[in-house]
Amino acid sequence: MPSVKDHADMTSGISDPKPVHEKKEKKEKKEKKEKKEKKEKKDKKDKKEKKEKKSPKEKERKDNDKKDKKEKRAAESESESEPKSEVALSPKKARLATHSPSETPRDTTPEPGATEENEVPENLRLMSYKISPATVDALAKRGIKSLFPIQAEAFNPIYNGNDVLGRARTGTGKTLAFALPMVESLLKEKIAKERGRAPRVLVLAPTRDLAIQVSNEFTSISPSLKTLCVYGGTPMREQTAYLQQGVDVVIGTPGRCMDHINRGNLLLHDLRFVCLDEADQMLDIGFAEDMEQILQEVQTHKETRGDAPKHQTLLFSATAPEWIKRTVAKYLDPTFVNIDLVGNSRVKTNENIRHYAIPSTWQSRRGVIGDVLAVYGGNRGLTVIFTNTKAEADELAKTDKLKVIAQVLHGDIPQAQRETTLQGFRDAKVKCIICTDVLARGIDIPMVDLVINCQPPKDVETYVHRSGRTGRAGRKGVCVTFYKADEEFMIQNIERRAGTQMIKAGPPQPDDIINATAQDAADMVSGVVEEVIPRFTSVAETMLLETFKGNTVKALAAALAQIAGCGAGVQVRSLLTAAEGFKTLMFRLSHEIQNPGYVRNILSRNYPSLSSEDIKGMRMTKDMMGVVFDVTATKVQVDGDTIMMGGNKWTDLDHIKLEVVSTLPELEEVVETRGGSGSKRGGRGGGRGGKGRR
Ligand SMILES: Nc1ncnc2c1ncn2[C@@H]1O[C@H](COP(=O)(O)OP(=O)(O)OP(=O)(O)O)[C@@H](O)[C@H]1O
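Residues numbered from 1 in each chain as written. Predicted model: local features only at pLDDT ≥ 70, side-chain atom pairs only at ≥ 80, totals over all residues. Heavy atoms only, no water.

If you look the protein chain up in an unreviewed UniProt entry, it shows as RNA helicase from Podila minutissima. Quoted straight from UniProt, the Catalytic activity (unreviewed entry) entry for the protein chain says "ATP + H2O = ADP + phosphate + H(+)". Reading the Sequence similarities (unreviewed entry) entry of the UniProt record for the protein chain gives the comment "Belongs to the DEAD box helicase family. DDX21/DDX50 subfamily." (UniProt positions renumbered as here; feature names shortened; annotations may be inferred.)

**Thoughts on the overall build of the protein chain**
Within the protein chain, the secondary structure is distributed over 22 helices and 23 strands. Taking all 694 residues of the protein chain together, 50% fall into the buried category. Partitioning the contacts of the protein chain with sequence separation of at least 6, the portion at a separation of at least 24 is 75%. Total accessible area computed for the protein chain in this model is approximately 34,300 Å², and 53% of it derives from carbon and sulfur atoms. (Helix = DSSP H or I, 4+ residues; strand = E, 2+ residues; numbered from the N terminus. Buried < 20%, exposed > 50% of the residue type's maximum accessible area, 1.4 Å probe, protein only. Contact = heavy atoms within 4.5 Å. Areas by Shrake-Rupley, 256 points an atom, 1.4 Å probe, with all protein chains shown as cover.)

**Notes on the site of the ligand**
Of all residues adjacent to the ligand, which total 23 residues, the nearest are Lys-174, Thr-175, Glu-278, Asp-444 and Arg-469. Separating an oxygen atom of the ligand from a backbone N or O atom of Gly-173 is a distance of 3.1 Å. Contact distances for the ligand include 2.8 Å between an oxygen atom and a side-chain N or O atom of Arg-472. Protein burial of the ligand: of its 640 Å² of free accessible surface, 99% is covered by the chains. A total of three residues in the shell around the ligand trace back to one element, the largest contributor, which is helix H6 (residues 174-189). Of the residues contributing to the shell around the ligand, the split by class is seven nonpolar, nine polar and seven charged. (Near = heavy atom within 4 Å. Polar contact = N/O pair within 3.5 Å; in protein donor to acceptor, adjacent residues only side chain to side chain. Nonpolar A, V, L, I, M, F, W, Y, C, P; charged D, E, K, R; others polar.)

**Quick word on helix H12 (residues 322-331)**
Among all positions of H12, only Trp-323, Ile-324, Thr-327, Val-328 and Tyr-331 are buried. In a view along the axis of H12, the buried residues occupy a sector of 140 degrees, so they form one face of it. Seen from the open side of H12, the exposed residues pointing more than 90 degrees away from its buried face are Glu-322, Arg-326, Ala-329 and Lys-330. (Arc of directions from axis to C-beta.)

**Topic: the sheet that holds strand E18 (residues 636-639)**
In sheet architecture, strand pairing relies on hydrogen bonds along the backbone and comes in two forms, parallel and antiparallel. Taken together, the three strands give an open sheet; going across it, the order is E18-E19-E20, and neighbouring strands pair in antiparallel fashion. Bordering the open sheet on either side are E18 and strand E20 (648-649), each of which pairs with just one other strand. (Pairing = 2+ DSSP bridges.)

**Some words on the pattern of salt bridges**
If charged atoms from side chains of opposite charge come close, those side chains can pair. Evaluated as defined, the whole model comprises 27 salt bridges. One salt bridge in this structure joins Asp-248 and Arg-197, with 2.9 Å as the shortest N-O distance. Pair noted here: Asp-248 is in the loop between helix H8 (236-245) and strand E4 (249-252) and Arg-197 is in the loop between H6 and strand E2 (201-204), with a separation of 51 residues, a long-range link. Taking relative accessible area as the criterion, Asp-248 reaches 1% and is therefore assigned buried. With a closest N to O distance of 2.9 Å, Glu-292 and Lys-330 form a salt bridge. Pair noted here: Glu-292 is in helix H11 (residues 288-304) and Lys-330 is in helix H12, with a separation of 38 residues, a long-range link. Classification of Glu-292 by relative accessible area gives partly exposed; the value is 23%. (Salt bridge = Lys/Arg side-chain N within 4 Å of Asp/Glu carboxyl O.)

**Considerations on the state of the cysteines**
Disulfides are covalent bonds that link the sulfur atoms of two cysteine residues. Throughout the structure, instances matching the rule amount to zero disulfides. With no disulfide of its own, Cys-257 has Cys-229 as its nearest cysteine by sulfur position, at a separation of 8.8 Å. Overall, Cys-257 belongs to the buried group, its relative accessible area being 0%. Cys-432 takes part in no disulfide bond, and the closest cysteine sulfur, belonging to Cys-435, lies 8.9 Å away. (Disulfide = S-S within 2.5 Å.)

**Side note on the environment of Thr-253**
Within the element layout of this structure, Thr-253 appears in the loop between E4 and helix H9 (254-262). A C-alpha to C-alpha distance of 6.8 Å links Thr-253 and Val-230, two positions 23 residues apart in sequence.

Right, here's the structure in full:
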């Protein structure tokens, strides 16, 4: 008996024989169409991949832009529905970032796009912890739907009454790791909010800016708790009045907290938690004594009151120098829980950051910073530039390329100005901040794409923290460190101790700069509002005819060059020292040589017109089979494979070849020697006008 299907086929066959043929045609057509679509899809994919390969920076920028848009949307919806804080003293609300769980920076990260609660590993789900619905709502307003690993690991130990030492890489969410369980513990107590109550949480932060940020974090997740932020440089009177009225959480810098304790304003007997954020920095900036005194005072205040509750001590940091270990032994309960997400892992820096080291003399640094900003920072991201002293920060801010876009931030800048600058930076109105280490730790501004160190920082901890101002909460970032030849050992030290490989790049070259800025300039031109264009057409027409003789492409290209900041030309820079107007070349040999003297002789013999001012900074390559040196750019002409120097053409021989260097090869290490720097292997030599064999 035929099946229903057979029957249908049979009947269609009987009623009209054509459809069988049509069906075949249709099928062929369908297959053809599918094949075509498949091919188009593949081509599109290949094209996309090719584009991404060609411009990883553009892709990175796009990824980060996507995140920015998401953050902006969440921040907007947050500001619309933001609950009013009870604390009048709390400073302007920091821009609160939104991050999907897919941006979690550790292995337990859900797959990209996995935002549903059930796609998040159980240990990172909010519902796996005793987090109240009010807090879950508050977190959701910030786009936080799951925990980061340090938060998941710290929640139960803190909530269940343990002392905790927490360590995780920069930008991985340590603030919420201590704030969440503390807040939930306080809320669980349901203590009456009587006037004049003593605080139950005290958080110490090393800088005012960080204290403000931590305070904002508390207010954002628990608007029902009264939070007060105290720091120097602001009037005592207002803070005293608030303390006397009664608060739940006090966040402050150790110096100002100590002042309030000494004056009897800040009562410590009712504390349930004392938390040291960025504890390692307290030592660095001379707060160790104040901080220890505060921890001591807490114990004394409690002992004098028989009924005082027990308190927990929490220490959080991204690095763990020796001093931390001593403090732990002295002030944490011996049964403390140690949560260490860095551990013995070789890499101490955040894994989302690419690290570059660029050789540069002190003089050339100021010029090259603008190029680095253009190439690594782009137009859209924010940049933090670190200097080692306040005077250097002030000085750098006067540089042509920086004075329009950058603001300075250091200890001598008045507090009100500091807050305005930081807020402007958070709102992306200020594109670049030049600062000392006041901003090295803790400060969380997710849109920072680029960190620049004008010199290698003095220790590896500072490097970890400084670089950690970018690549936060799963975003990508770049950290560029300038170094002089005699600072090369500091770079090697950082690489070794932080377990971080730095890319030894030269300063950006004209092509890099133009590639990086041309598209931004084009985007700016395309973004010009329609109505304004007619007002410029008359001048444009005259210019086109008179200046550019009707060549529209040339006219537009000139306008783009000017907008890109290249109107006055783009300088060639030495890859060895970033010196303006020098080109880096290399003699490659077929055998090892002991020192660059051999090459120096070749140069003097073949190019007598080049003076000692024209050839500089000779360095051996690491394999000892090459010598890299700088030549005055105007005295080098390159045409395909032909290289002319000082008017004479070089002809390659079997055992020695000359090339223009586009990426710096690995160079022989420079070591400190008595009376200057020299090569690791010793020996004499050196370039004309160079500094020994370097
Ligand atoms: N669970 C989460 N989901 C999404 N984003 C989060 C989460 N927790 C924290 N963030 C965001 O991650 C960023 C970094 O957090 P935080 O400033 O606490 O890092 P940190 O580890 O203290 O860094 P540092 O060592 O530099 O002080 C912040 O923008 C914060 O809002």
